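# Fold and contact review
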Amino acid sequence: MAHLLMVESWVGSMSRLLPRAIREAGHEFTFLTRDLHHYLRSAPEGTAHPLLAARHVLTADTNDTESLLPFAERAHRALGFDGVITSCDYYLPAAARIAGVLGLPGADPEAVGNACRKDATRRILDRAGIPGPRFAVCDDWAGTAEAARDIGYPLVLKPVDLCAGMFVRRVDDEPALAHAYRALAGFPVNARGQRRAPVALLEELLEGPEVSVETVSCGGKTHVVGVTDKSVGGTPAFVETGHMFPAALPAADAEAAERTAVDALEALGLDATVAHTEIKLTPGGPRPVEVNPRPAGNRITELVRRVTGIDLAAACVDVALGREPDLRRRDTGLRSAAIGFLVPGSDGVLEAVDGADSVRGAPGLLELQLAEAGKTVRAAGSNNEYLGHVMTGDADGPGARDRAEALLARLRPRVAAR
């Protein structure tokens, strides 16, 4: 039995999947957080949050890495850890540094830090000769406007250090760029109380479908688990509205995406990592969008498990312990699995989601999760505002997406103005 140190967590599905994977492998974990109530508020009423299954809960300022490192050393001497893990992007660099200081398995801290900074990733991939969009990193409005004129519209403006599509915007002219720039500048501190880097990344708009490549790297080799497709809405935002695994792609396109992901991971120097690399399939070939050195979110890991039997959360635990993960495919009875998200289009308070009864029990339905009445609703500008999802499977082929979209169309949220 191994003992892991978990440094913070997302509050969504990974806050349940990682503790489950640790428990099912016969291990235990200590949870380290700056604010336990951040997680307890997200637990379903009347139930204990899975993070409370920790052997110990430690409190420290996880946003101050320099003071966190000696704290982790003292905790290690007292409790003895075999690995360090997190699912939250904002703490991936800290977890990697702790593992390095404690002499435990893990990815190179510099590589993780570069992958978590979109501007550093762009520079490294560009130097490695991996084709990508024209881009500029800008630290003031004058430089941003000038870079936009040099690259040419349409463009994408994005923060270098936020997640879930927050403040990522398509801009087609200078007034739209100014609006997006002001909105990003008005968000100087992220949801975990960390001060953001005061720069913006401008990129040439890449045309074409978007996919993600799910990989596990260990022992110097990257194993491709598969390719997931993505549907996006909410222009000028980029809101993920659904996914299907495996992506319904010609074999040549899937192979090209896989090669690009592996090349990007190698360029960044990422090993001992479960990664989720997003790629645009442009007319000129695959182009990396970003490299995430952690398992995919938005329930993609569950889509993968439903189809292949491969548990990427369990693989994340294994690589954190320096062990070879089990990536053998199993017959699950499904050829494809998909998820569709209920995306709100207006602000207000959720009164009900009509049509739910007609979805429950529908053929191929794997999961139905809906927000409770009374939830405050905001028109979606990122992947943080969903009102629920449907997950479907198809035992015969790539029909899971069509099923998910058909069921999602039956759901009609009633939102009252505030």
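Residues numbered from 1 in each chain as written. Predicted model: local features only at pLDDT ≥ 70, side-chain atom pairs only at ≥ 80, totals over all residues. Heavy atoms only, no water.

Looking at an unreviewed UniProt entry, the protein chain carries the name ATP-grasp domain-containing protein, with the source organism given as Streptomyces lycii.

### With respect to the UniProt feature "domain: ATP-grasp" (unreviewed entry) in the protein chain
Taken from the UniProt record, the annotation "domain: ATP-grasp" (unreviewed entry) applies to residues 122-321. Within the segment residues 122-321, helix and strand shares are 32% and 32% respectively, and the terminal C-alpha atoms sit 30 Å apart. (UniProt positions renumbered as here; feature names shortened; annotations may be inferred. Helix = DSSP H or I, 4+ residues; strand = E, 2+ residues; numbered from the N terminus.)

### Here we look at the sheet that holds strand β5 (residues 135-138)
What the four strands build is an open sheet, ordered β5-β8-β6-β7; its pairing is antiparallel. In this open sheet, the two edge strands, each paired with only one partner strand, are β5 and β7 (169-171). For this sheet, the mean angle separating the axes of adjacent strands, direction not counted, is 25°. Each of β5, β6 (155-159) and β8 (200-204) is contacted by helix α6 (residues 118-127), which is oriented at about 140° to β5, the strand it contacts most. Packing of helix α7 (residues 141-151) onto the sheet brings it into contact with β5, β6 and β8, and relative to β5 it is tilted by some 175°. (Pairing = 2+ DSSP bridges. Axes fitted to C-alpha atoms, helices over the stretch in contact; angles between N-to-C directions. Contact = heavy atoms within 4.5 Å.)

### Observations concerning empty space enclosed by the protein
Over the atoms a probe the size of a water molecule is rolled, and this reveals where empty space is left. All told, the structure shown has one cavity of 30 Å³ or more when counted by the stated rule. Counted as a void, the largest cavity has a volume near 260 Å³. V84, L92, A107, A272 and P293 are, among the 20 residues lining the largest cavity, the residues nearest its centre. Sort the elements by how many residues they give to the lining of the largest cavity and helix α4 (residues 92-102) lands first, with four residues. Of the residues contributing to the lining of the largest cavity, the split by class is 16 nonpolar, three polar and one charged. (1 Å grid on protein atoms, 1.4 Å probe; cavity = no way out; pocket = protein on both sides within 12 Å on 5 of 7 lines; lining within 4 Å. Points joined across faces, edges and corners; volume = space filled by probe spheres on them. Nonpolar A, V, L, I, M, F, W, Y, C, P; charged D, E, K, R; others polar.)

### Focus: unusual backbone geometry
Peptide bonds are trans in most cases, and residues, glycine excluded, mostly fall at negative phi. The step from Y153 to P154 runs through a cis peptide bond, and the omega angle for that step is 0°. Within the secondary structure, P154 sits in the loop between α7 and β6. For the bond from F245 to P246, the omega torsion is -10°, close enough to zero to count as cis. Relative to the helices and strands, P246 is located in the loop between β11 (239-245) and α9 (251-268).

### What to know about the packing of α6 against α9
In the contact formed by α6 and α9, the axes pass within 9 Å of each other and the chain directions differ by 105°. Looking at the two axes, α6 sits roughly perpendicular to α9. Along its contact with α6, which presents T121, I124 and L125, the element α9 presents A264, A267 and L268. (Parallel < 35°, antiparallel > 145°, perpendicular 65-115°, else oblique.)

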